[in-house]
Amino acid sequence: MPAYILGISALYHDAAAVLLRDGVVVGAAQEERFSRVKHDAAMPRRAAAWCLEQAGITAADLDYLVFYEKPLRKFERILATSVATFPRSWGSFPRQMRAWLGDKLWLRTNLCATFGVRSDRLLFCEHHLSHAASAFYASPHEKAAVLAVDGVGEWATTSLWRGDGSALEPVSEVRFPHSLGLLYSTITAHLGFAVNEGEYKVMGMAAYGKPAFRQELDRLLKLDPAGGFELDLDYFSFHYHPTRSGSPALEALLGPPRFPGAPFAPAVAPGDASAQQIVESQRWADIAASAQAQVEDAMLHLVRYAKGAVGTDALCLAGGVALNSVANRRVAAEGPFAHVWVQPAAGDAGGAMGAAMWAWHAVLGNPRQPPLARMDLGRVNGPARSSEMLTDLGAKFTEPADPGASAAAELADGKVIGWVEGGDEWGPRALGHRSILADPRSTEVKDHVNARVKYRELFRPFAPAVTAAAAADWFDIPAAAAEPARWMLSTAGVHEARQATIPAVVHVDGSARVQVVDPVASPAFHQLLVEFNKLSGVPVVLNTSFNLKGEPMVSSTVDAMASFVRSGLDVLYIDGLRVERPK
Amino acid sequence: MGQLRRAYLGPISEVAWRLPGWPTRLLAAFSLAERGSMLDMLAAADATPRREMRRKYFLHALDEGRHAGIFASRVRALSPPGNISRAQAATEDAGLLQGHGIVAGETLFARLGEMDFLAFVFVAEADAVEQFHVYLDRRLPDPDTTAALRDILKDESFHVSYSKLECDKYRREGQPIDHAIRLARWRRVKEGWMRFTRDFGERMSGVWLLVLYFLVIWPFRLVARLERGGWQRAPARPTSALAAARLEG
Ligand SMILES: [Fe+2]
Ligand SMILES: [Fe+2]
Ligand SMILES: [Fe+2]
C-alpha cells in the first residue's frame, strides 16, 4: 500500500491542495479553478476532492494531512503586533480577533471536519518552511541555498535555509514587520492596484518609467551591510491599520496615490490624454520603476548573503516576491549562483506542495524524488468527457487529425484561439494548457486580444512561448535562468534583430516574459509551436492566460465554453477537439 | 407572499434609490448577485446527470453573465468620473462575490440536488421578477437603468417559465416538488435572517472586543515592542521531528 500525503494551504490567500503518492505529485490544484472565485482562500474542499479522485482513494487512505503553517504562532504574532502598536491598532484589533475567534483558532477541528481525517493524522508545517520545501524538494538540486521572500507568514517575512538531500535546516530569518513583500504591496496599493493581485501591473508599469523616486524609496528600505534589510516603519501602516498599508508620511513623500482605474497615459503612449494626465502617469510610472529597481537590488543583496552563508552552486526561490520575473532575471544574470530554481506556485498556493513534501522528506526521512518535470498537475477533462460535454451543449465541433497543425494554421491566418489541453497549470502562469494564443508578428492581433478578449491595460505586456530548440536564437536568457524560463518565471531580452518580427510580445524596454517550451513538459503545445514555425518561420506564439477579466483561469470544459462564448475568441481547441464559434 | 413582499419592498426601495450613493451600491450588489448565479448555473451545467438539462443551465448562465455586465456598466456610468467608487470596485473584483451559492466548498447544485436546485431557481427568479417590477412600477432608477432593467426582465421572465416547466415535470412524475418549492421559499427567508443576525452579532462582538482592547490590552503595551530589522538567527527548533510537526504552535 503506497503512502499518501495531502498538503493544504488555505484561509489567507490562494487556497490549494496537493496529493503525494510515495512522495510523487499525483495532483496539485488551486481552489479558485473550481470555485471560480479568484484567489479563493476558502478551505480547498473541491481541489482536495479532485486530488483524491485522481488517485482513486478516499480521505480514509491518507497517511497524513499537512497544513502549510502553524496557526497558533501566527495568532501570537498578530496579538503581539496589536499590543505593540496600541492604540493605533484599535481599528484592526476587533477585526482580526473576530476572524480568529470565529474560525481560524479552531483549525484542527475545522480540518478534520472538512476533509474527513482523524486528528492524529494532522501535521502543521511552518509558513516559510512550506515555501522553502516547495522550492527545494521540487527542484533538481541535491544541495542548495533556499530563500523564501513574501509578505509574512507566522513571524518570518524572509528566510534562508540550507537544503541537503532530504534535510532542510533553518539558517536565518528577517521578521515582521520588516518585509519586502509588504513594501512592494504598499507601493502597489499607492499606485491604485489591488494588493496581492496588482503586483504584476506595477512590474509592467515600471517599464514606462525611470527610477526617479529611488532616493525617496530608499528612505523606506535600508539594506544593511550584514546582508539583511530594515523598513522605516514611519512610512507604513500595514502593521496596525485594517485596510491601509502606507502612512500619511508616505503620501507626503511620494505625492497623492493613484485612484484605482485612473487612465494610464505615459509620454511614450499618450493616446488622447490631457497634458496633466500625461505628467501624472509619468509620475506613477517613475514610482513603479523605482520600486521595481529597489526590489531587484534588495533581492540581489539577499542572494549574495545567501551565497556567503550557505555557499552552494544552486539557489531555490519561493514566496510571493519570487513571482517577480524581472527581479528573477537579475538574480540569475548578476547574482552569484550558477543555477536558480523557482517554484512556479511561489505564492501561498505553493505552500500546499511544500508542506506535503516537507512531511514526506524531512519528517518521515524519505529520499529525494526526481524534480517536477511538468506543471499541468491540475484538473484534466480529457477528450471523452469534453466530447460528451460539447455535444450536450450543442456546440459545433470537429476532431482534426493533427490539432497542433490545424491550430497553427489558424494562428498564421490571424485568428485568436483558446487552447485547452491536459491538466490545469500549477501556479498563476498559463503554460499552454489553459492559454489564449495568437500570432506574435502582428500588433493588430495583439490589440484584438486586448480589446475583445482580455480587456487589459496597455502596460501589461503579452508573453511569448518559444520552442526550446530555438530559444537562444530569439531570446537572451541568462544561463542560470534556464529552469525558471521554462515556467515563465524570468524575463529575457529579445535579440534586437528579432524584435521587429514579433512586436506583439516585446515589452517597451525590449524584454519579454518568455516561456521556453520543451516536448517533455508540454508535448501538445510544443507540437503546435513546431507547426507554426513550419508555416511562418517563427517558432514563437503569443501566449496569455485563458480567463476573462477578474476571473480565474478556465478549468473545466464548461468554463472554457462559457468564456469562449462571452469573449471575442475566434475558435477554441479543447483536448484536440476544434470548436467553432456559435453564431 | 407576493403581496407582503411588494408592500415592504416598495417603500424601502423608494428610499434606497434616492439616498446619495445608494443606486450604485444597489446596482453593484445586483451585478455581484447575477455573477454569482452565473457561477451556480455553470456548476449545475457541469454536474448535472440529466444530459438534456446541460444546455439549458448553460444558456441560463450566459444570460446571468450578461446581466452582471449590464449592471456593472450602469455602476460605471453612474460613478463619478476619474476615480472608481467602492461599488464599482466590487463589480470588478470577483473576490468579493457574495451572491454565489458555494458554502463550505459545495456548490448550490451539489448541496441541494437537482430537484431542490430547480425549485430554488424557480423561486429566486420569480422573486427577482417581482422585485424588478416594483422598481419599474415606481419609476425608481434613472432612464438608462430603467431600460436596462426592462431588457433584463425579459430574460428573467424566461428563467421563471422554463424552471416552472421543469418543476411541472417533477409534479407529473409524482415527485414532491411542491414541498421543495415551499422549502426553497423558507430557505431564502431563513438565510436572509441568518445573514442579519450574523452581521448584527459581528457588530456587537466588535464593540466588546474594542472594550477589551482598551481595558485589558493596554497595560501589556509597556512590555511589547516590534521586532528589529535585519537577519536574525533562526530560533533552534526541532522543526522536523514528528512530535513537533503535530503541534499547531
Ligand atoms: Fe507566503
Ligand atoms: Fe439575471
Ligand atoms: Fe435569472
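As the structure is a computational prediction, the values presented were derived from the model and not from experiment.

## Re the overall build of chain A
Okay, step 1: Tallying secondary structure elements over chain A gives 21 helices and 23 strands in all.
Okay, step 2: Taken over the C-alpha trace, chain A has a radius of gyration of 23 Å; the compact-globule value for 583 residues is 25 Å, and the two agree within 12%.
Okay, step 3: If you line up chain A on its principal axes, its C-alpha atoms span 70 × 65 × 45 Å.
Okay, step 4: The buried share among the 583 residues of chain A stands at 64%.
Okay, step 5: Counting contacts in chain A only where the partners sit at least 6 residues apart, residues at least 24 apart contribute 71% of the total.
Okay, step 6: Per element, the accessible surface of chain A, about 19,200 Å² overall, is 53% carbon and sulfur.
Okay, step 7: Charge-centre separation for chain A: the mean point of 55 positive side chains lies 3 Å from the mean point of 62 negative side chains.

## Details of helix α6 (residues 114-137) of chain B
Okay, step 1: The end-to-end C-alpha distance of α6(B), which contains 24 residues, comes to 34 Å, matching closely the 34 Å that a straight helix rising 1.5 Å per residue would cover.
Okay, step 2: R139(B) lies just past α6(B) and shows a positive phi near 50 degrees.

## Considerations on the packing of aromatic side chains
Okay, step 1: Enumeration according to the criterion identifies 26 aromatic pairs over all chains in this entry.
Okay, step 2: For the pair F67(A) and Y68(A), a centre-to-centre distance of 5.3 Å together with 75 degrees between the ring planes defines the contact as edge-to-face. Like Y68(A), F67(A) is buried.
Okay, step 3: Taking the centre distance of 5.1 Å and the plane angle of 85 degrees together, the rings of Y213(B) and F214(B) count as edge-to-face.
Okay, step 4: Exposure remark for Y213(B): the relative accessible area of 0% places this residue in the buried category.
Okay, step 5: Residue classification places F214(B) among the partly exposed residues on the basis of a relative accessible area of 38%.
Okay, step 6: Grouping aromatic residues by their ring pairs yields a cluster made of W17(B), F30(B), F71(B), F132(B) and Y135(B).

## Description of the coordination of the iron ion (ligand 2)
Four donors placed tetrahedrally about a metal ideally form angles of 109.5 degrees, and six donors placed octahedrally ideally form angles of 90 or 180 degrees.
All names here are of chain B.
Okay, step 1: Coordination sphere of the iron ion (ligand 2), protein contribution only: E34 (OE), E34 (OE), E64 (OE), H67 (ND1) and E156 (OE), at 2.0 to 2.8 Å.
Okay, step 2: If you list the donors of the iron ion (ligand 2) from N- to C-terminus, the spacing comes out as E-x29-E-x2-H-x88-E.
Okay, step 3: Here the iron ion (ligand 3) and the iron ion (ligand 2) are spaced 3.3 Å from one another, each receiving a donor from E64. Linking E64 in helix α3 (residues 51-78) with E156 in helix α7 (residues 143-172), this pair joins segments that are 92 residues apart in sequence.

## With respect to the pairing of strand β21 (residues 540-545) of chain A
All names here are of chain A.
Okay, step 1: Burial analysis of β21 places six of its six residues in the buried class, the great majority of the element.
Okay, step 2: Burial along β21 is two-sided: the face carrying V540, L542 and T544 and the face carrying V541, N543 and S545 are both buried.
Okay, step 3: Examined bridge by bridge, strand β15 (residues 434-438) and β21 share four bridges and lie antiparallel to one another. Along β21, the bridge assignment pairs S435 with S545.
Okay, step 4: Alignment of strand β16 (residues 463-467) against β21, held across four bridges, turns out to be antiparallel. Directly across from V466, in β21, lies its bridge partner V540.

## Thoughts on the coordination of the iron ion (ligand 3)
All names here are of chain B.
Okay, step 1: Listed as protein donors to the iron ion (ligand 3) are E64 (OE), E125 (OE), E125 (OE), E156 (OE) and H159 (ND1); their distances from the metal cover 2.0 to 2.4 Å.
Okay, step 2: Spacing between the donor residues of the iron ion (ligand 3) along the chain follows E-x60-E-x30-E-x2-H.
Okay, step 3: Here E64 falls in the buried class, since its relative accessible area comes to 1%.
Okay, step 4: Relative accessible area serves as the criterion here: at 2%, E156 is assigned to the buried category.

## Quick notes on the pairing of strand β12 (residues 339-342) of chain A
Residue and element names in this part refer to chain A.
Okay, step 1: Inspection of the sheet shows strand β11 (residues 314-318) paired to β12 by four bridges, in the parallel sense. By the bridge assignment for β12, A314 is matched with H339.
Okay, step 2: Handedness of the crossover is the feature at issue here: the chain leaves β11, passes through helix α12 (residues 325-334), returns alongside β12, and the resulting connection is right-handed.

## Some points on the sheet that holds strand β6 (residues 143-149) of chain A
Pairing between the strands of a sheet is mediated by backbone hydrogen bonds and can be parallel or antiparallel.
Okay, step 1: The mixed open sheet is built from six strands, whose spatial order is β12(A)-β11(A)-β6(A)-β7(A)-β8(A)-β1(B). Only two strands of the sheet have a single partner each, and these edge strands are β12 of chain A together with β1 (232-233) of chain B.
Okay, step 2: Pairing of β6(A) with β11(A), which is carried by four bridges, proceeds in the parallel orientation. Across the sheet, V146(A) pairs through a bridge with C316(A), a residue of β11(A).
Okay, step 3: Across the face of the sheet, helix α6 (residues 127-136) of chain A comes into contact with β6, β7 (156-164), β8 (167-175), β11 and β12 of chain A while running at roughly 40 degrees to β7(A).

## Describing the sheet that holds strand β3 (residues 24-30) of chain A
Residues and elements named next belong to chain A.
Okay, step 1: The strand order β3-β2-β1-β4-β5 describes an open sheet built from five strands, whose pairing is mixed. The open sheet has two free edges, formed respectively by β3 and β5 (122-124), since each of these has just one partner strand. Neighbour to neighbour, the strand axes of the sheet diverge by 20 degrees on average, direction disregarded.
Okay, step 2: Pairing analysis gives three bridges linking strand β4 (residues 64-67) to β5, with the strands arranged parallel. Its bridge partner lying in β5, F67 is registered against F124.
Okay, step 3: Together, β1 (4-9), β2 (16-21) and β3 form the strand contacts of helix α2 (residues 45-55), whose direction differs from that of β3 by roughly 150 degrees.

## Some points on the side chain of E248(B)
Okay, step 1: Tracing the backbone shows E248(B) in the segment after α9 (242-245).
Okay, step 2: There is a polar contact of 3.2 Å between the side chain of E248(B) and the side chain of R108(A).
Okay, step 3: Apart from the residues lying within four places of it in its own chain, the contact partners of E248(B) are K70(A), P71(A), L72(A), R73(A), L105(A), L107(A), R108(A) and F124(A).

## Comments concerning the domain arrangement of chain A
Residues and elements named next belong to chain A.
Okay, step 1: Entries for chain A in the domain assignment read domain 1 (4-138 + 344-363), domain 2 (175-342) and domain 3 (383-580).
Okay, step 2: Once you take the C-alpha centre of each, domain 1 and domain 3 turn out to be 31 Å apart.
Okay, step 3: Between domain 1 and domain 3, the contact holds 15 residues from the first and 14 residues from the second.
Okay, step 4: In total, domain 1 and domain 3 occlude about 1,200 Å² of area from one another, counting both sides; carbon and sulfur atoms represent 60% of this.
Okay, step 5: Contact with domain 3 buries area across many residues of domain 1, yet R33, R36 and P344 alone supply 58% of it, more than any other trio.
Okay, step 6: Counting every contact that joins domain 1 to domain 3 gives one salt bridge.
Okay, step 7: Note that R36 and D559 form a salt bridge whose closest N and O atoms lie 3.6 Å from each other.
Okay, step 8: Along the contact surface separating domain 1 from domain 3 lie five residue pairs in polar contact (both at pLDDT 80 or more).
Okay, step 9: Elements that contribute at least two residues to the side of domain 1 that touches domain 3 include exactly β2, β3, α1 (31-35) and α13 (350-363).
Okay, step 10: Residue contributions to the side of domain 1 that touches domain 3 peak at three residues, all from β3.

## Some points on the environment of L79(A)
Residues and elements named next belong to chain A.
Okay, step 1: Inspection of the secondary structure assignment puts L79 in helix α3 (residues 71-84).
Okay, step 2: As for L79 and A10, which are separated by 69 residues in sequence, their C-alpha atoms are 20 Å apart.
Okay, step 3: Ignoring anything within four residues of it in the chain, the contact list for L79 reads F93 and M97.

## Side note on the interface of chain B and chain A
Okay, step 1: Every contact between the two is made by 57 residues of chain B and, on the other side, 83 residues of chain A.
Okay, step 2: Ranking the residues of chain B by area buried against chain A places Y213(B), W231(B) and E248(B) at the top, with a combined share of 16%.
Okay, step 3: At the boundary of chain B and chain A, one finds six salt bridges.
Okay, step 4: The residue R385(A) makes a salt bridge to D46(B) at a minimum N-O spacing of 3.5 Å.
Okay, step 5: Between the two partners, chain B and chain A, sit 26 residue pairs in polar contact (both at pLDDT 80 or more).
Okay, step 6: Those elements that provide at least two residues to the side of chain B that touches chain A are α2 (22-47), α3, α8 (177-217), β1 and α9 of chain B.
Okay, step 7: Top contributing element to the side of chain B that touches chain A by residue count: α8(B), with nine residues.

## Quick look at the nonpolar core
Note on soluble globular proteins: their nonpolar side chains tend to be buried together.
Residue and element names in this part refer to chain A.
Okay, step 1: Core analysis: the largest hydrophobic core is formed by 144 residues, its most contacted members being L19 and W358.
Okay, step 2: A total of 14 residues in this core trace back to one element, the largest contributor, which is helix α11 (residues 275-310).
Okay, step 3: If you look at the next biggest cluster of nonpolar residues, it comprises 107 residues, including V445, V449, W474 and A562.

Parameters at a glance
- Residues numbered from 1 in each chain as written.
- Chains lettered and ligands numbered in written order.
- Predicted model: local features only at pLDDT ≥ 70, side-chain atom pairs only at ≥ 80, totals over all residues.
- Heavy atoms only, no water.
- Helix = DSSP H or I, 4+ residues; strand = E, 2+ residues; numbered from the N terminus.
- Rg over C-alpha atoms; globule rule 2.2 N^0.38 Å.
- Buried < 20%, exposed > 50% of the residue type's maximum accessible area, 1.4 Å probe, protein only.
- Contact = heavy atoms within 4.5 Å.
- Areas by Shrake-Rupley, 256 points an atom, 1.4 Å probe, with all protein chains shown as cover.
- Lys, Arg positive; Asp, Glu negative; His and termini not counted.
- Charge placed at Lys NZ, Arg CZ, Asp CG, Glu CD.
- Expected span 1.5 Å × (residues − 1).
- Phe/Tyr/Trp six-rings, centres within 6.5 Å; stacked < 30°, edge-to-face > 60°.
- Donors = N, O, S within 2.8 Å, 3.2 Å for Na, K, Ca; no water.
- Pairing = 2+ DSSP bridges.
- Right-handed = clockwise from strand over helix to strand, strands pointing away.
- Axes fitted to C-alpha atoms, helices over the stretch in contact; angles between N-to-C directions.
- Polar contact = N/O pair within 3.5 Å; in protein donor to acceptor, adjacent residues only side chain to side chain.
- Domains from an automatic or database assignment.
- Buried area = accessible area lost by both parts, 1.4 Å probe.
- Salt bridge = Lys/Arg side-chain N within 4 Å of Asp/Glu carboxyl O.
- Core = buried A, V, L, I, M, F, W, Y, C linked by side-chain atoms within 4.5 Å.

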